Amino acid sequence: EAQVTQNPRYLITVTGKKLTVTCSQNMNHEYMSWYRQDPGLGLRQIYYSMNVEVTDKGDVPEGYKVSRKEKRNFPLILESPSPNQTSLYFCASRAGPNYGYTFGSGTRLTVV
Amino acid sequence: GQNIDQPTEMTATEGAIVQINCTYQTSGFNGLFWYQQHAGEAPTFLSYNVLDGLEEKGRFSSFLSRSKGYSYLLLKELQMKDSASYLCAADRGSTLGRLYFGRGTQLTVWP
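In this text, all values refer to a predicted model and were calculated from it rather than measured experimentally.

S.K.: What exactly am I supposed to notice about the interface of chain B and chain A here?
M.R.: Accessible area lost upon the coming together of the parts serves often as the stated size of an interface. Facing the 21 residues of chain B at the interface are 23 residues of chain A. Of the roughly 1700 Å² buried between chain B and chain A on both sides combined, carbon and sulfur atoms contribute 52%. The interface formed by chain B and chain A includes two salt bridges. Our enumeration of links across chain B and chain A arrives at seven residue pairs in polar contact (both at pLDDT 80 or more). Counting only elements with at least two residues in the side of chain B that touches chain A, the list comes to strand S4 (29–37), strand S5 (44–49), strand S9 (84–92) and strand S10 (99–101) of chain B. In terms of residue count, S4(B) provides more of the side of chain B that touches chain A than any other element does, four residues in total. Split by residue class, the side of chain B that touches chain A holds eleven nonpolar, six polar and four charged.

Right, dumping it as structure tokens:
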């Protein structure tokens, strides 16, 4: 089944403790992206990647890092999480510019 | 910059027709997506318009006017399961990978 898989689904952590949210797609898509979704603000793009080793900032990149060492994986790294990063995170992939994103099931992160 | 506007909430009754509007201002515009998102779930793709006009897909249709920076999603024969948030998103082909979302329209369908 074609899908985007992200883990974990739920995570509660403490301020300052580094964490990684994994994302993997099995569709051989070149484009991948991370979004966060907050009430009243909608989906905002954090980082995106157009191919292996090609990444760029989205609208809200502060406090996040990404890497794209392999085509299928696009992990999101929070080096020092803070409470304002409490949010619902979605990883997504797409085949190209005229194609829609396929989203993962989401990761609900709480930073206390 | 980019600006995407859609109504925050709409309500309708089962069997009715509802039109959800979206206006956008974005440079390098390539096309307009509509997604459906049920509470707590991932957005799912509904439609993509590149050219002006109406695209019909079963009970759902989407319209685009590039000159007016305007799109709408038309839902016919509404069902309770259509209660969800509907997101419009502008595709910036000039900056590959950039897809800008509106804040979503929460549609509630009443029996």
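S.K.: Explanation requested: the state of the cysteines in the structure shown.
M.R.: Such a bond, covalent and formed between the sulfur atoms of two cysteines, is termed a disulfide. Under the defined criterion, the tally for this structure stands at two disulfides over all chains. Covalent S-S linkage joins Cys23(A) and Cys91(A), the inter-sulfur distance amounting to 1.8 Å. A torsion of -75° about the S-S bond marks the disulfide between Cys23(A) and Cys91(A) as left-handed. Placement of the pair is Cys23(A) in strand S3 (residues 19–25) and Cys91(A) in strand S9 (residues 87–94), with a sequence separation of 68 residues. The burial state of Cys23(A) is the same as that of Cys91(A); both residues are buried. Each sulfur of the disulfide joining Cys22(B) and Cys88(B) lies 1.8 Å from the other. Here Cys22(B) is found in strand S3 (residues 18–26), whereas its partner Cys88(B) is found in strand S9, with 66 residues between them in sequence. The class of Cys22(B) is buried, set by a relative accessible area of 0%. Judged by relative accessible area, which is 0%, Cys88(B) ranks as buried.

The rules behind each value
Residues numbered from 1 in each chain as written. Chains lettered and ligands numbered in written order. Predicted model: local features only at pLDDT ≥ 70, side-chain atom pairs only at ≥ 80, totals over all residues. Heavy atoms only, no water. Contact = heavy atoms within 4.5 Å. Buried area = accessible area lost by both parts, 1.4 Å probe. Salt bridge = Lys/Arg side-chain N within 4 Å of Asp/Glu carboxyl O. Polar contact = N/O pair within 3.5 Å; in protein donor to acceptor, adjacent residues only side chain to side chain. Helix = DSSP H or I, 4+ residues; strand = E, 2+ residues; numbered from the N terminus. Nonpolar A, V, L, I, M, F, W, Y, C, P; charged D, E, K, R; others polar. Disulfide = S-S within 2.5 Å. Buried < 20%, exposed > 50% of the residue type's maximum accessible area, 1.4 Å probe, protein only.

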